[in-house]
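These are the residues of each chain, in order.
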Amino acid sequence: MKRFFEQGLKLIQAIWYSEETGCVLCGGNGAPICESCTRDHLHPELGRCLRCGKLIAREKTLCLDCQEGRGPKHLKRVIAWGHYSGYLKELILDAKFGANPMRIAKIGPPFADWAIHWLPPADGILAVPMHPARLAERGFNQAEVIVSQLHWELGLPIFQGVTRIKPTPPQVSLSRQERLINVKDAFVLQEPERFQGRSVWLVDDVTTTGTTLDAVAEVLLEGGVSTVYGLCLAAGIEKILVPEFV
Amino acid sequence: MYFFLTLNKNGDVGYFPAGEKDRLPPGICCLKRPLPLGLIQNAQDWTNKRKKGRFWGSGLKERQCDRVKSELCRLLNGQEWNVPKLSSQEDFVTSDCQLASSIDGRELMFQAFDELVLGRQLSWGELKILARELRCEAEIILAFAHLNVERNMAEWVPAVVPQGKGWQCQRCGERNIKEWPSYYGRAGTCLSCKTLGPSTSLEAFYRDHRPLLKGQENVNFYPHWPLTEAQNLASGQVLAFLNNSAQPKALLWAACGSGKTEVCFPSAARALEEGKSVLFAAPRQDVIHDVAPRLKRDFPGVPIQVLTGSVPIRYQRGNLVLATTHQVLRFWQAFDVIFLDEMDAFPYQGSEALEWGLTHALRPKGKLIYLTATPSLEALKEVRRGNMLLIRLPARHHRYPLPIPVVEKYRNPFDPKSNLLSLNKARFESIRQAGRILVFVPKISWIQPWVNCFRRYFPDWKIEGSYSSDKERFDKISDLRQGKFDLFVSTTILERGITLEGIQVVVLGAEHPIFDERALVQMAGRVGRTRENPSGTIVFMSCSNSTAMKTAIQWIKDQNRLALKQGLIDLRT
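Residues numbered from 1 in each chain as written. Chains lettered and ligands numbered in written order. Predicted model: local features only at pLDDT ≥ 70, side-chain atom pairs only at ≥ 80, totals over all residues.

Moving on, we come to the overall build of chain A. Scanning chain A from N- to C-terminus turns up 10 helices and 8 strands. Along the longest, intermediate and shortest principal axes, the C-alpha atoms of chain A span 65 × 50 × 35 Å. Across chain A, the fraction of contacts at a sequence separation of at least 24, relative to all contacts at a separation of at least 6, is 71%. (Helix = DSSP H or I, 4+ residues; strand = E, 2+ residues; numbered from the N terminus. Contact = placed C-beta atoms within 7 Å.)

What follows is the structure, given as structure tokens:
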């Protein structure tokens, strides 16, 4: 009986009060992203490196690495929503390693708004694929969760057909050179005829050097895709912008 | 963590942990694709149900096995998942490698593992940490764990299991589970206990069924201080409850500063001598770190496990365990006696997950004793219903009555927003003559304005304030303990667990709803705790007299009345 009344009370509360949502990153006041998280993690005052998506000074177009020709070569443009730090980093880690993919789902609306503002609409969106063994281990691909949110918000079709055939160790602990070797020949495109002349948003959770995005983009371009744009939740920041390095 | 589905010659479904290297189980037919334990257990139940009717008396065993394989594939392929279609010919394989015992040549390591996992409930991540502590490969620890499962001393359980239309976490009992579409179909993640590592329907726990101690043993118990008359009385009742009472739970309702923890030591010693395992739990780390040296002092040579979030060694030996209520979630039916200190403190109070964990850490027919100076309404209800035995410890060791708070009404509210922060200077000066003053305020935002106000009124006094998120909190509290401040302003962070010599207490805005009767009793309990200063002043400054204030004063008076009746305090004029 007590349980019945409790459930009834919850129902009445649900009807009576509108659900208050806080910032999707820190949970504080200000939906969907509060002012301090926007300032500290999304950095609207900074530009993005056109090649690798790294956060750079607004007046620049390329980061130092890409100016020296070390960045990705097969993508038309790469953009990253924010800096891989603080609450944004915590959200991505919690989603990936805390088996909590629904946290990524919450950032769908603001991320989709931002993405369509920065990138031209494409014929479809594609998630960077995971190796089947890793997918079986984690139970989900975080990039696919982001893609499904973009599809839900923007109505862009989801493309599938790229497979990861090489079980690669995580890129996080590797140098730039090791990353290049790591992802070499790691991806294959199935049924390339479906991609002929199409433009694609290629989506991943985090990019550092852009090596993984570049490896998938290369396969897509070889298969006949016209343009590949890279889109990520988070990226690194140009060292010169970090106070300790100035 | 995933498992290989195995199939023996009789067509019985079993499972074998896959680990990280996905090594197939040796010499046995298995599905080469590892699966979550929950899915395999469903398939196991399904085949067990069908086995009796379908295969009874029919044909060769090989043919039976083939039929089970194809039926299993049909069952698993019927799942709404993204796993590629399974085929009974290609996906069932038998590994050629020989079945070798996982402990051959590793007897000592297995023994060490075995001692450390007694009564534990551990995730794959925690088993990997154990492997690191034992300096061996995680796969070896996994093989050891599975060996215990095969010997029926432990089991593997899915971390989150379907329950009716929803799910339930097997670590904390939470039913509000976040559901998401996984590679293996519908999956659920428990967010309630995620600080202990992920708990999802795709994960599994190793659950050890053995008690911490195998038999009776001699226990060195040398109490540092003899118990007072009041403590002796309560201690006898606790002992009688552990030995004779049919009731599973007891509430030790003690006066603040009466030494309730020490009351439990003789009972703990007796339980240990009888070969029982004992847990001292508390919601907060500082209580555990406060009790640990006292236990080590009174139980010399007895191995004690001290488990809190800040203790780096996660796995220890010993059947006397001191742990925060969060760490208790890593045990399963391991303890015969549990003492829970400060049952009404955050985060235990109101947390169903921690309560569930504590109840499930108790062995069947085990005894649970709650210790508190301020019992919750639920606990008092349980006592009234006769479900819980009540033991009282109403007097402090120095035989002085508990100081009774004085209510002083003021016209102006104490909120700095609406008050010009004027105060009765003479009143504070008179309190200061009796001793240093601890001022409690209900909100963090009140602290700085009141510190400034006191500094303005008393420029010669050393005045400071602190709150939970204050970065200098620990330094300031350390100075406070050393008596460096004349007046210290604080929120409820200092309401319990601290003894300050000769302190006097003032509660500003005592009628504020944040101060319930428990908080007020605890704050009043800071006064008169030592033999040198057995009494003192407690002033509730407020605009009105709240129910909580009345109840708090009533509770303190009741303790004194009971103590007087039992002859545990002396009447003084």
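From this point, the discussion proceeds with the structure in view.
Time to look at the domain arrangement of chain B. Domain annotation of chain B identifies domain 1 (2–95), domain 2 (105–208), domain 3 (229–393) and domain 4 (406–566). The straight-line distance from the C-alpha centre of domain 1 of chain B to that of domain 3 of chain B is 45 Å. (Domains from an automatic or database assignment.)

What follows is about the nonpolar core. In terms of nonpolar packing, the biggest core is built from 228 residues, with Leu202 and Val203 of chain A together with Leu252, Ile338, Val439, Val507 and Leu520 of chain B touching the most fellow members. Apart from the residues within four sequence positions on either side, Ile338 of chain B is in contact with Leu279, Ala281, Leu358, Ala361, Leu362, Gly366 and Leu368 of chain B. (Core = buried A, V, L, I, M, F, W, Y, C linked by C-beta atoms within 7 Å. Buried ≥ 20, exposed ≤ 12 C-beta atoms within 10 Å, placed from the backbone.)

All names here are of chain B. Sheet architecture is open: 7 strands sit in the order 16-17-15-18-19-14-20, paired in parallel fashion. Across the chains shown, the open sheet's two edge strands, defined by having one partner strand only, are strand 16 (304–307) and strand 20 (388–393). Strand-to-strand twist across the sheet, computed as the mean angle between neighbouring axes with direction ignored, equals 15°. Sheet analysis places strand 15 (residues 278–282) next to strand 18 (residues 335–341), joined by 4 bridges and oriented parallel. In the strand pairing of strand 18, Leu279 is matched with Ile338. (Pairing = 2+ DSSP bridges. Axes fitted to C-alpha atoms, helices over the stretch in contact; angles between N-to-C directions.)

Turning our eyes to something else, we now look at the interface of chain A and chain B. Contact with chain A, which involves 9 residues of that partner, is made by 13 residues of chain B. Classifying every residue of the side of chain A that touches chain B by side-chain character gives 6 nonpolar, 3 polar and no charged. (Nonpolar A, V, L, I, M, F, W, Y, C, P; charged D, E, K, R; others polar.)

What follows concerns helix 15 (residues 517–524) of chain B. Residue and element names in this part refer to chain B. Summarising burial for helix 15: 8 of the 8 residues are buried, a large majority. Where helix 15 is concerned, the buried positions are Glu517, Arg518, Ala519, Leu520, Val521, Gln522, Met523 and Ala524. Turning to helix 15, the residues buried within the fold contact strand 22 (437–440), strand 25 (504–508), strand 26 (538–542) and helix 16 (547–565).

A word on helix 16 of chain B. Residues and elements named next belong to chain B. With 19 residues, helix 16 should reach 27 Å at 1.5 Å per residue; the first-to-last C-alpha distance of 26 Å fits that figure. Within helix 16, the full set of buried residues consists of Ala548, Met549, Ala552, Ile553, Trp555, Ile556, Gln559, Asn560 and Ala563. For helix 16, the arc enclosing every buried residue in end-on projection is 150°, short of the 170-degree limit, so these residues lie on one face. Exposed residues pointing more than 90 degrees away from the buried face of helix 16 are listed as Thr547, Gln554 and Lys565. (Expected span 1.5 Å × (residues − 1). Arc of directions from axis to C-beta.)

The next point concerns the environment of Asp185 of chain A. All names here are of chain A. Checked against the element boundaries, Asp185 lands in the loop between helix 9 (176–183) and strand 6 (187–189). For Asp185, a count of 10 C-beta atoms within 10 Å gives the class exposed. C-alpha of Asp185 to C-alpha of Leu156: the two residues are 29 residues apart in sequence and 28 Å apart in space.

The next point concerns the packing of helix 6 (residues 229–243) of chain B against helix 8 (residues 265–273) of chain B. All names here are of chain B. With their axes 8 Å apart at the nearest point, helix 6 and helix 8 run at an angle of 30° to one another. Comparing the axis directions of helix 6 and helix 8 gives the class roughly parallel. At the point where helix 6 passes helix 8, the crossing takes the right-handed sense. Of the residues in helix 8, those touching helix 6 at Ser235, Val238, Leu239 and Leu242 are Pro266, Ser267, Arg270 and Ala271. Looking at the contact of helix 6 with helix 8 residue by residue, the class counts come to 5 nonpolar, 2 polar and 1 charged. (Parallel < 35°, antiparallel > 145°, perpendicular 65-115°, else oblique. Left-handed = near helix turned anticlockwise from the far one by under 90°.)

It is worth spelling out the sheet that holds strand 3 (residues 77–83) of chain A at this point. All names here are of chain A. Ordered in space as 3-8-7-4, the 4 strands form an open sheet in which the pairing is parallel. A strand with exactly one partner marks an edge of an open sheet, and here the two such strands are strand 3 and strand 4 (124–127). If you compare each strand with its neighbour and ignore which way they point, the axes differ by 25° on average. Of the strand pairs in this sheet, strand 7 (residues 199–207) and strand 8 (residues 227–235) are connected by 8 bridges, and their pairing is parallel. In the strand pairing of strand 8, Val200 is matched with Val228. Those strands touched by helix 4 (residues 86–97) are strand 3, strand 7 and strand 8, and its axis lies near 105° from that of strand 8. Sheet contacts for helix 8 (residues 142–154): strand 4, strand 7 and strand 8; angle to strand 7, the most-contacted strand, approximately 130°.

Turning our attention to the UniProt feature "domain: Helicase ATP-binding" (unreviewed entry) in chain B. The positions that UniProt labels "domain: Helicase ATP-binding" (unreviewed entry) are, in the present scheme, residues 241–393 of chain B. Annotation note: span residues 241–393 of chain B, helix share 31%, strand share 29%, distance between end C-alpha atoms 15 Å. (UniProt positions renumbered as here; feature names shortened; annotations may be inferred.)

Attention now moves to unusual backbone geometry. Residue and element names in this part refer to chain B. Phe346 connects to Pro347 through a cis peptide bond whose omega is 0°. The backbone phi angle of Gln333 is positive, close to 45°, even though this residue is not glycine. When the 19 C-beta atoms within 10 Å are taken as the criterion, Gln333 is described as partly exposed.

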